[in-house]
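# Summary of the model geometry
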Amino acid sequence: MIDVGVNLTNTRFADDLENVLDRAKNKGLTNILVTGTSIASSQQAVKLCQKYPDFLTCTAGVHPHDADKVTTNFIDELTQLAQLDCVKVIGECGLDFNRNFSSQRQQITVFKQQIELATRLNMPLFLHQRDAFELWLELLTPYVNKIPAMVSHCFTGNKQQLEQCINAGMYIGITGWVCDERRGLELQQLLQHIPLKRLLIETDAPYLLPRTIKPRPKNNRNEPSFLEYIVKTIVENTDHSISEIIKHTSQNAQQIFALSTLKETTENV
Ligand SMILES: [Zn+2]
């Protein structure tokens, strides 16, 4: 299994990262894509990848929440990071008009610059979107044939939006949002409409702890070893088997991100 979205640079992993990674390996994970959300966190992600080169790879990018904080040369800094072997994708980038932690205008500017960077470097994009679907898709549409792959990370949209993403050739990242018996119901019903060749799985840890975990971990923290709960919920809501989900999501991730992974040993979901 490959977890394509983990915020491993989050301080909540600072004290026991080694154990978190060991637990993930014991659950059959073969690679983790560490999410960079700012220049600083992308640099930290690179450092982690250099420490665990056979297990970690990462993105480099600026999240819409951080758009207001970029310096004038942030694209140069991302360009440099993107040259490194462990950096496989530009992102997490996109638009978030739900929380508006950065001004919408600046979010758009910073997003556009990263779309152009991915085009120039011929690298995939790892995309965030909340309450900005129409504009987000409009900005991406001219680039669908120029960028090797686009990942709609933590997809939580409706059926029409799912179809639009799939028609644009995107990959769909499913997180523990789908394990939520309240707000995840719509997404559960959409799972059967996601072609296996477009499906990716991600914990988005430490966020989005799957609500299907019983009992809940005391620290309330999500981690990559819980990826199996997302797989289980996908299996419960589709005709696919566990091994099919693991096989296809791993193949997809490897294809998009050209990952060098640990040998698949245990698949004890
Ligand atoms: Zn996100």
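Up top is the structure.
Being a predicted model, the structure only gives us computed values, none of them experimental. (Residues numbered from 1 in each chain as written. Predicted model: local features only at pLDDT ≥ 70, side-chain atom pairs only at ≥ 80, totals over all residues. Heavy atoms only, no water.)

### Thoughts on the coordination of the zinc ion
Quick reminder of the rule: For Na, K and Ca the donor cut-off is 3.2 Å, and for all other metals it is 2.8 Å, counting N, O and S atoms only; because water is absent from this set, sites may look incomplete. Put simply, DSSP marks the helices as runs of H or I at least four residues long and the strands as runs of E at least two long, and each gets a number from the N terminus on. Per-residue accessibility, obtained with a 1.4 Å probe over protein chains only, is compared with the maximum for each type, and a residue is labelled buried under 20%, exposed over 50%, and partly exposed between these values.
The zinc ion binds to the protein through Glu92 (OE), His128 (ND1) and His153 (NE2), with metal-donor distances spanning 1.9 to 2.3 Å. The sequence pattern formed by the donor residues of the zinc ion is E-x35-H-x24-H. Of this pair, Glu92 sits in strand β4 (residues 87-96) while His128 sits in strand β5 (residues 125-130), and the two are 36 residues apart along the sequence. In terms of burial, Glu92 and His128 fall into one category: buried.

### Structural notes on the packing of aromatic side chains
Condition: Ring geometry is summarised as follows: Phe, Tyr and Trp rings, the Trp one being its six-membered ring, pair when their centres sit within 6.5 Å, and such pairs are stacked at plane angles under 30 degrees, edge-to-face over 60 and tilted between the two. Each ring is checked for a lysine NZ or an arginine CZ that lies within 6 Å of its centre and within 35 degrees of its normal; such an atom marks a charge sitting over the ring.
Counted according to the given criterion, the structure contains 2 aromatic pairs. Here the aromatic rings of Phe133 and Trp136 are separated by 5.6 Å at their centres, their planes lie at 40 degrees, and the arrangement is tilted. Separated by 3 residues within a single helix, Phe133 and Trp136 lie in helix α5 (residues 133-140), roughly one turn from each other. The class of Trp136 is buried, set by a relative accessible area of 0%. Considering the side-chain rings of Phe226 and Tyr229, the 6.1 Å spacing of their centres and the 75 degrees angle between planes classify their relative orientation as edge-to-face. Across this residue pair, the class does not change: Phe226 and Tyr229 are buried. The residue whose ring lies beneath Lys25 is Phe55, and the NZ or CZ to ring-centre distance is 4.9 Å. One residue, Lys232, lies across the ring of Tyr229, its end atom 5.1 Å from the ring centre.

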